[in-house]
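# Descriptive analysis of the structure
Here is what each chain is made of, one letter per residue.
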Amino acid sequence: NAGVMQNPRHLVRRRGQEARLRCSPMKGHSHVYWYRQLPEEGLKFMVYLQKENIIDESGMPKERFSAEFPKEGPSILRIQQVVRGDSAAYFCASSPPGSGRAGEQYFGPGTRLTVT
Amino acid sequence: DAKTTQPPSMDCAEGRAANLPCNHSTISGNEYVYWYRQIHSQGPQYIIHGLKNNETNEMASLIITEDRKSSTLILPHATLRDTAVYYCIARNAGNNRKLIWGLGTSLAVNP
């Protein structure tokens, strides 16, 4: 069973460009989460999605950031007009169905975004 | 979700057991204790979780005190590859599925 896939692994963008980060959850998982980790800091929750629905976006910046998890295809985290402060590692995780396993989240290798 | 407290760092000799403590004195009855680790620059890795009974899997054992105010993650025979930051998270079993991460314990396994 393949793990959570993220691509690209490394992404370099100039200030003002758009960044698109992709995440394919583990097979059978319908819940996807995005977390951000700034250099030398801990992980911060951004958004939790199920297929075609945003369940909790309480950690998403109000502007420039959006996320989707369409019926078909990977989840996408989109950052418009990137700034240097967006440079970070972005991790995607997925979890199996069933509330008893809600805390079992399986993480991808991350996308390291560098804004120049 | 209840706050957890962990020591910032610990050392362990290779081959010995690593015992990582976590305090969660305000944990409520329906909150589970989860353990994750993050090896440098990699994505976090789920280790184990429990509610009130001790748990064991192929990676580790989790010992939860009877009053549930603290727990210990045990790596029975630590290897150099176990060097990582270990996170203890108390989480409600309800529908709010985000994980709130603290600073964790940085475990250094020494040869």
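Residues numbered from 1 in each chain as written. Chains lettered and ligands numbered in written order. Predicted model: local features only at pLDDT ≥ 70, side-chain atom pairs only at ≥ 80, totals over all residues. Heavy atoms only, no water.

Frequently, the measure chosen for interface size is the accessible area removed from exposure when the parts meet. Each partner contributes residues to the interface: chain B has 18 residues there, and chain A has 24 residues. Overall, the association of chain B and chain A removes approximately 1700 Å² of surface from exposure, summing both partners, and the carbon and sulfur fraction of that is 51%. Inspection of the chain B/chain A interface yields 5 residue pairs in polar contact (both at pLDDT 80 or more). At the level of secondary structure, the elements contributing two or more residues to the side of chain B that touches chain A comprise β3 (31–38), β4 (45–50) and β8 (84–92) of chain B. It is β3 of chain B that contributes the most residues to the side of chain B that touches chain A, 3 residues altogether. Broken down by class, the residue content of the side of chain B that touches chain A amounts to 8 nonpolar, 7 polar and 3 charged. (Contact = heavy atoms within 4.5 Å. Buried area = accessible area lost by both parts, 1.4 Å probe. Polar contact = N/O pair within 3.5 Å; in protein donor to acceptor, adjacent residues only side chain to side chain. Helix = DSSP H or I, 4+ residues; strand = E, 2+ residues; numbered from the N terminus. Nonpolar A, V, L, I, M, F, W, Y, C, P; charged D, E, K, R; others polar.)

Moving on, we come to the packing of aromatic side chains. Scanning the entire structure with this criterion turns up 11 aromatic pairs over all chains. The interplanar angle of 40° and the centroid separation of 5.5 Å between the aromatic rings of Tyr35 of chain A and Phe107 of chain A together place this pair among those described as tilted. With Tyr35 of chain A in strand β4 (residues 31–37) and Phe107 of chain A in strand β10 (residues 106–107), the pair connects residues that are 72 residues apart, well separated along the chain. Classification of Phe107 of chain A by relative accessible area gives buried; the value is 12%. Aromatic pair Tyr35 of chain A and Trp101 of chain B: ring centres 6.1 Å apart, planes at 85°, arrangement edge-to-face. Of this pair, Tyr35 of chain A sits in strand β4 while Trp101 of chain B is found in the loop between β8 and β9 (105–110), placing the two residues in two different chains. Exposure class is identical for Tyr35 of chain A and Trp101 of chain B. Each is buried. Counting every residue linked through ring pairs, the aromatic cluster contains Tyr35, Phe45, Tyr106 and Phe107 of chain A together with Tyr36, Tyr46, Tyr87 and Trp101 of chain B. (Phe/Tyr/Trp six-rings, centres within 6.5 Å; stacked < 30°, edge-to-face > 60°. Buried < 20%, exposed > 50% of the residue type's maximum accessible area, 1.4 Å probe, protein only.)

Okay, the side chain of Gln38 of chain B next. Within the secondary structure, Gln38 of chain B sits in strand β3. A distance of 2.9 Å separates the side chain of Gln38 of chain B from the side chain of Gln37 of chain A, its partner in a polar contact. The contact partners of Gln38 of chain B, leaving out residues within four places of it in the chain, are Gln37, Leu43 and Phe91 of chain A together with Gly43, Pro44, Ala84, Val85 and Tyr87 of chain B.

This paragraph deals with the state of the cysteines. The full count for this structure, using the stated rule, is 2 disulfides over all chains. Here Cys23 of chain A is linked by a disulfide to Cys92 of chain A, with a sulfur-sulfur distance of 1.7 Å. Between Cys23 of chain A and Cys92 of chain A the sulfur-sulfur dihedral comes to about -50°; the bridge is accordingly left-handed. Residue Cys23 of chain A is found in strand β3 (residues 19–24), and its partner Cys92 of chain A is found in strand β9 (residues 88–95); the two are separated by 69 residues along the sequence. A relative accessible area of 0% means that Cys23 of chain A is categorised as buried. What pairs with Cys22 of chain B in a disulfide is Cys88 of chain B, and their sulfur atoms sit 2.1 Å apart. Measuring the twist about the S-S bond at about -80°, one finds the Cys22 of chain B-Cys88 of chain B disulfide to be left-handed. Of this pair, Cys22 of chain B sits in strand β2 (residues 18–23) while Cys88 of chain B is found in strand β8, placing the two residues 66 residues apart along the sequence. Between Cys12 of chain B, a free cysteine, and Cys22 of chain B, which holds the nearest cysteine sulfur, the sulfur-to-sulfur gap is 18 Å. Assessed through its relative accessible area of 7%, Cys12 of chain B is described here as buried. (Disulfide = S-S within 2.5 Å.)

Purely geometric numbers; function is a separate question.
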